[in-house]
Amino acid sequence: MIDATGSAIQAALDGLAARQRVIADNVANVETPGYIAGQVSFEDSLRAAIADGDPSSTAVSTTATTDPVNQNGNNVSIDNQVVSLTDTDLRYQTMVAAMNEKFGLLKTAIGGAS
Amino acid sequence: MLFPTLSTAQSGLSVFRTWMDAVSDNIANIDDAAPTSGPAYQARFVVASPVGNGTEASAGNPAGATVSGITLGDPAGREVSDPTNPLADANGMVRYPDVDLGDQMTQMMMAQRGYEANLSVIDRAKDAYQQALSIGR
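Calculation rules
Residues numbered from 1 in each chain as written. Chains lettered and ligands numbered in written order. Predicted model: local features only at pLDDT ≥ 70, side-chain atom pairs only at ≥ 80, totals over all residues. Heavy atoms only, no water. Phe/Tyr/Trp six-rings, centres within 6.5 Å; stacked < 30°, edge-to-face > 60°. Helix = DSSP H or I, 4+ residues; strand = E, 2+ residues; numbered from the N terminus. Buried < 20%, exposed > 50% of the residue type's maximum accessible area, 1.4 Å probe, protein only. Axes fitted to C-alpha atoms, helices over the stretch in contact; angles between N-to-C directions. Parallel < 35°, antiparallel > 145°, perpendicular 65-115°, else oblique. Left-handed = near helix turned anticlockwise from the far one by under 90°. Contact = heavy atoms within 4.5 Å. Nonpolar A, V, L, I, M, F, W, Y, C, P; charged D, E, K, R; others polar. Core = buried A, V, L, I, M, F, W, Y, C linked by side-chain atoms within 4.5 Å. Buried area = accessible area lost by both parts, 1.4 Å probe. Salt bridge = Lys/Arg side-chain N within 4 Å of Asp/Glu carboxyl O. Polar contact = N/O pair within 3.5 Å; in protein donor to acceptor, adjacent residues only side chain to side chain.

Undergrad: Describe the packing of aromatic side chains, listing the residues and the values that go with them.
TA: Residues and elements named next belong to chain B. Following the criterion strictly, the structure yields two aromatic pairs over all chains and no others. Relative to Y129, the ring of F3 has its centre 4.6 Å away and its plane inclined at 55°; by these criteria the two rings are tilted. Of this pair, F3 sits in the segment before α1 (4–28) while Y129 is found in helix α3 (residues 101–133), placing the two residues 126 residues apart along the sequence. A relative accessible area of 29% means that F3 is categorised as partly exposed. Of the residues examined, Y129 reaches a relative accessible area of 15% and is grouped as buried.

Right, dumping it as C-alpha cells:
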C-alpha cells in the first residue's frame, strides 16, 4: 500500500520525531551537572536507503555531542537547542504536508472523483 | 507512552520548579537568627540528574531530568554580634544562615530561564503532535 515515496516520508517523520525527543531531553537537562547533549542523525542514512530503493531501512542514530563543557560538566547550548527544535518542527510539518499530498493522490486513484 | 516529548519537558519543568521553590525558601529564611548552641538555617541546593542512561529519548520513551536529592548548606552559618537579640548567647552572639542573596537571585534567574525553555519545548511538541494527528484527514 505504502510505496517508496510513502516510506521515505515515514522514515523522515520517524527521524525527526526522534530528534525532537532528544532535544526535549537536552533542554530538560540544561542545568544537570555532567550531562552531555545528544544529537540525532538520519539524513545520510535516509539518502543511502533511498538510493538502495528501500527507504524503510533508514537507521536513526543518536550520538553524544562533542561541544566543550562548562564548569559543571554540562554542554547543552540552550540557543542551539531551541533553534534546532524550531527547525525540526518545521521539517516535521513539511513532511506531514508531503504525506497528506501522498494520501490525496491515493484517494484520487481509489476513485474519489466526487 | 503516547507523547514522550511532553513527559520529557514536564520532567524539566518539575526540576526547575523545585529549584525555584528551594531558592524562594532560602531567600525567605535569609535573615533567620538562631542561637549559637544550635545550627543556623541551612540553604537548600537542588541536585538534578538525567533520567535513565541516555538512550530513552531516541528509543521513544520519556526521558528528561529528575531531582535526585537536596544538599544542605553549612549549619555553622556566620556568627554575628547582636547582644539585643533575645537569642544571643553570653557573648552577645547569634547565628545567621550563610545564604548569599546575589547567589540566590542568580540561581533564581537560571531556574526561571530553564523553566521557560521547557515550556517552549511543550509548545513546539504540541504543534508537531497535532500535525501528526492531521495525517490522512
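Undergrad: Can you break down the packing of helix α1 (residues 4–28) of chain A against α3 of chain B residue by residue, with the values?
TA: Two numbers describe a pair of packed helices, the interaxial angle and the distance between the axes. Close contact between α1 of chain A and α3 of chain B brings their axes to 9 Å; oriented N to C, the two are set at 165°. Compared by their axis directions, α1 of chain A and α3 of chain B come out roughly antiparallel. In the crossing of α1 of chain A with α3 of chain B, the sense of the turn from one axis to the other is left-handed. Two secondary-structure elements touch here, α1 of chain A through Q20, A24, V27 and A28 of chain A and α3 of chain B through A117, N118, V121, R124, A125, A128 and Y129 of chain B. Here the contact of α1 of chain A with α3 of chain B is built from residues that sort into eight nonpolar, two polar and one charged.

Undergrad: Would you mind going over the side chain of N26 of chain A in detail, with residue names and values included?
TA: Residues and elements named next belong to chain A. Relative to the assigned elements, N26 resides in helix α1. By relative accessible area, N26 is classed as buried at 0%. Apart from the residues lying within four places of it in its own chain, the contact partners of N26 are Y35, A37, G38, V76 and Q81.

Undergrad: Please give an account of the nonpolar core that cites residues and values.
TA: In this structure, L13, V40, F42, L46 and Y92 of chain A are the most contacted members of the largest nonpolar core, which totals 17 residues. Of all the secondary-structure elements, those providing two or more residues to this core are α1 and α3 (78–110) of chain A. Take this core: its biggest share by element is eight residues, from α1 of chain A. For L13 of chain A, the residues in contact, after removing those within four places along its chain, are Y92, M95, V96 and M99 of chain A together with I135 of chain B. Residues V30 and A37 of chain A together with W19 and M20 of chain B belong to the second largest nonpolar core, which totals 11 residues.

Undergrad: Let's hear about the interface of chain A and chain B: which residues, and what values?
TA: Taken together, the contact pairs 27 residues of chain A with 33 residues of chain B. Roughly 2400 Å² is buried in total at the junction of chain A and chain B, and carbon and sulfur atoms are behind 64% of that figure. At the junction of chain A and chain B, the tally comes to zero salt bridges. Between the two partners, chain A and chain B, sit eight residue pairs in polar contact (both at pLDDT 80 or more). Of all the secondary-structure elements, those providing two or more residues to the side of chain A that touches chain B are α1 and α3 of chain A. Considering each element in turn, the side of chain A that touches chain B owes the most residues, 12 residues, to α3 of chain A.

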